[in-house]
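# Fold and contact review
This is what each chain is made of:
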Amino acid sequence: RRPQLRKLLRVDDTMAFAQRSMNYRNLAATIALPANTVADILVAYSSKQATQLPLSIESEDHFYARVRHEDLHNWALLAMLIGMTLVSTVYLMAMGFGTAGYYGAYILISGLYLFHTDGYAFQYLWPDAPRWNSIAVAPIGMAMVAAGCLFARSFIAAPTYHPRLNKLLLACIAIATVLLVVSIFGLESRWFKTGTLLFVVATSILYLTSGILAARRGQAGAVFFVIGSLAIISTICFGAAGYLYPGQFNQDVAGHYGRYALLGEGTAFSFAILLHILNLRRERDRALQREVQTAQEKLAVSEALIEAQKSHSRAVALAESRRHRLASTAHDIQQPLASLRMAVTQLTDRDNETVEHVHS
């Protein structure tokens, strides 16, 4: 006879989150069966994003206990990541380091990416936008790529030290922006998803190259930047393997790895920025010391010049005083000489020899 089927759950990309039978980030349904009942469960599943559908059957008590544990674990990591990012970003930007803004944007978008892939975004951010939820992973991923390239470009000062790499990073930012828009319409085609994934892998390698070049140049914090880049690449490779070879490992493992990798990446980038800004402050302090030393030398020269001018003024005044004294003395001497000259002119009645002698 024909089997009796009872529909437990139906979900598609036109249904809002509130239409689910259970308020849970993943698909879940309640099955009530009498004792000693044998039943078959039929599942028809397709997705534009995920590569597998984990299936578990458990009691309600076990289910809710597991959900509480999952939420506590996921929210704790997310809160730690966001809190660390906000504190680091605000602190570093207050110190005048603009690169921290790109870092904060990149980490927050990365956190949004995990928030979406874990199912929380549909539950809390856009519960009434199921179609957007079905394609949001690609636009958010491209925004994350663009923000990461902006951060790398600013951190290593690519326009100044690496002009060619700067052009490549700008090209990646432009391509990511275009893919962000196109992904809204072309996500369903496999070739587009594969091409986008390859682009992300290439960009992450460019990201790592940026850190290596900065480290070779001796930039402070570049080693931590490289460590963070390796965390990015490992996460992307993990995700790519799950997409290209579906069913080879549990996607929950990839999710947990992605969370811890992102937390490690954010910590590494925070240290990288902190070391870089501390080095900039040391260089600034050394420059200020050189400026102070130069100013002190200029002040000493200026004081010596002023003292020399004072000495010159005193010498001029002394010379002028002596000139007046000599002029006065000469005048005093000239008066008796004039009288003597007048007296000599009156010696006409004397003999010429005596007159010449007196004149001499």
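Residues numbered from 1 in each chain as written. Predicted model: local features only at pLDDT ≥ 70, side-chain atom pairs only at ≥ 80, totals over all residues. Heavy atoms only, no water.

### Some remarks on the packing of aromatic side chains
Applying the stated criterion across every chain, the model contains 13 aromatic pairs. Between phenylalanine 17 and phenylalanine 122 the ring centres are 5.5 Å apart and the planes differ by 90 degrees, which places this aromatic pair in the edge-to-face class. A residue pair is termed long-range when its members are at least 10 positions apart, and phenylalanine 17 in the segment before helix H1 (60-94) and phenylalanine 122 in helix H3 (residues 120-124) qualify at 105 residues. The residues phenylalanine 17 and phenylalanine 122 share a single accessibility class, namely buried. Taking 5.9 Å as the distance between ring centres and 80 degrees as the angle between the ring planes, the aromatic pair formed by tryptophan 126 and tryptophan 132 counts as edge-to-face. When its relative accessible area of 15% is taken as the criterion, tryptophan 126 is described as buried. An aromatic cluster is defined as three or more aromatic residues linked by ring pairs; in this entry it consists of Trp75, Phe115, Tyr120 and Tyr124. Against the face of tyrosine 161 rests arginine 217, its NZ or CZ located 3.8 Å from the ring centre. (Phe/Tyr/Trp six-rings, centres within 6.5 Å; stacked < 30°, edge-to-face > 60°. Helix = DSSP H or I, 4+ residues; strand = E, 2+ residues; numbered from the N terminus. Buried < 20%, exposed > 50% of the residue type's maximum accessible area, 1.4 Å probe, protein only. Lys NZ or Arg CZ within 6 Å of the ring centre and 35° of its normal.)

### Looking at the nonpolar core
Ranked by internal contacts, the top residues of the largest apolar core, which has 35 residues, are Tyr106, Met142, Val145, Phe199 and Tyr207. Within the residue set of this core, elements represented by two or more residues are H1, helix H2 (99-117), helix H5 (137-155), helix H7 (163-186), helix H8 (190-216), helix H9 (222-244) and helix H10 (251-345). Other than its neighbours up to four places away in sequence, methionine 142 contacts Ala176, Leu179, Leu180, Thr196, Phe199 and Val200. Core analysis: the next-biggest nonpolar cluster, separate from the first, contains nine residues, Phe17, Ala121, Phe122 and Ile140 among them. (Core = buried A, V, L, I, M, F, W, Y, C linked by side-chain atoms within 4.5 Å. Contact = heavy atoms within 4.5 Å.)

### What to know about the pattern of salt bridges
Tallying each qualifying case throughout the model produces seven salt bridges. Glutamate 70 is paired through a salt bridge with arginine 66; the nearest N and O atoms lie 2.7 Å apart. You can see glutamate 70 and its partner arginine 66 sitting in helix H1, four residues apart, about one turn around the helix. When its relative accessible area of 18% is taken as the criterion, glutamate 70 is described as buried. Between glutamate 320 and arginine 323 there is a salt bridge, and its shortest N-O distance comes to 2.6 Å. (Salt bridge = Lys/Arg side-chain N within 4 Å of Asp/Glu carboxyl O.)

### Some remarks on the side chain of serine 134
One can find serine 134 in helix H4 (residues 130-135). For serine 134, a relative accessible area of 14% puts it in the buried group. Of note is the side chain of serine 134, whose polar atom sits 2.6 Å from the backbone oxygen of arginine 131. (Polar contact = N/O pair within 3.5 Å; in protein donor to acceptor, adjacent residues only side chain to side chain.)

### Brief notes about the environment of glutamine 219
When you line up the elements, glutamine 219 lands in the loop between H8 and H9. Glutamine 219 gets classed as buried once you look at its relative accessible area, which sits at 10%. Taking the C-alpha atoms as reference, glutamine 219 lies 9.3 Å from leucine 275; in sequence the two are 56 residues apart.

### Here's the deal with unusual backbone geometry
Positive phi is not limited to glycine here, since asparagine 36 has a value of about 60 degrees. Residue position: asparagine 36 is located in the segment before H1. Phi angles above zero are rare outside glycine, and alanine 157 is one such case at about 50 degrees. Among the structural elements, alanine 157 can be located in the loop between H5 and helix H6 (158-161).

### Description of H2
Think of an α-helix as 3.6 residues a turn; residues three or four steps apart then line up on the same face. Between its first and last C-alpha atoms H2 spans 27 Å; for 19 residues at 1.5 Å apiece the expected length is 27 Å, and the two agree. Among all positions of H2, only Thr99, Ala100, Tyr103, Gly104, Tyr106, Ile107, Ser110, Gly111, Leu114, Phe115 and His116 are buried. Following H2 by one or two positions, glycine 119 adopts a phi angle in the positive range, close to 95 degrees. (Expected span 1.5 Å × (residues − 1).)

### Considerations on the packing of H5 against H8
In the contact formed by H5 and H8, the axes pass within 10 Å of each other and the chain directions differ by 15 degrees. For the element pair H5 / H8, the angle class is roughly parallel. The handedness of the crossing between H5 and H8 comes out as left-handed. Listed contacts from H8 to Met142, Val145, Gly148, Cys149, Phe151 and Ala152 of H5 are Thr196, Phe199, Val200, Thr203, Tyr207 and Ser210. Here the residues of the contact of H5 with H8 sort into eight nonpolar, four polar and no charged. (Axes fitted to C-alpha atoms, helices over the stretch in contact; angles between N-to-C directions. Parallel < 35°, antiparallel > 145°, perpendicular 65-115°, else oblique. Left-handed = near helix turned anticlockwise from the far one by under 90°. Nonpolar A, V, L, I, M, F, W, Y, C, P; charged D, E, K, R; others polar.)

### Things to note about the packing of H2 against H5
For any two helices packed against each other, one specifies the crossing angle of their axes together with the interaxial distance. Remark: H2 packs on H5, axes separated minimally by 8 Å, with the N-to-C direction vectors making an angle of 160 degrees. If you check the angle between H2 and H5, you find them roughly antiparallel. Taken as a pair, H2 and H5 cross one another with a handedness that is left-handed. Mapping the contact onto sequence places Thr99, Tyr102, Tyr103, Ala105, Tyr106, Ile109, Ser110, Leu112, Tyr113, His116 and Thr117 in H2 and Val137, Ile140, Gly141, Ala143, Met144, Ala147, Gly148, Leu150, Phe151, Ser154 and Phe155 in H5. Tallied by class, residues from the contact of H2 with H5 come to 15 nonpolar, seven polar and no charged.

### Here we look at the state of the cysteines
Two cysteines joined by a covalent bond between their sulfur atoms form a disulfide. Applying the stated criterion across every chain yields a total of zero disulfides. The cysteine cysteine 149 is free of any disulfide, with cysteine 172 supplying the nearest cysteine sulfur at 4.8 Å. Overall, the relative accessible area of 1% leaves cysteine 149 in the buried class. (Disulfide = S-S within 2.5 Å.)

### A few points about a nonpolar patch on the surface
A contiguous nonpolar surface patch, about 970 Å² in accessible area, is contributed by Leu9, Val11, Leu27, Ile31, Leu33, Ile41, Val43, Tyr45, Leu53, Leu55 and Ile57. Relative to the helices and strands, isoleucine 31 is located in the segment before H1. (Patch = residues over 30% accessible without salt bridge, like charges linked within 9 Å, V, L, I, M, F, W, Y side chains within 5 Å. Areas by Shrake-Rupley, 256 points an atom, 1.4 Å probe, with all protein chains shown as cover.)

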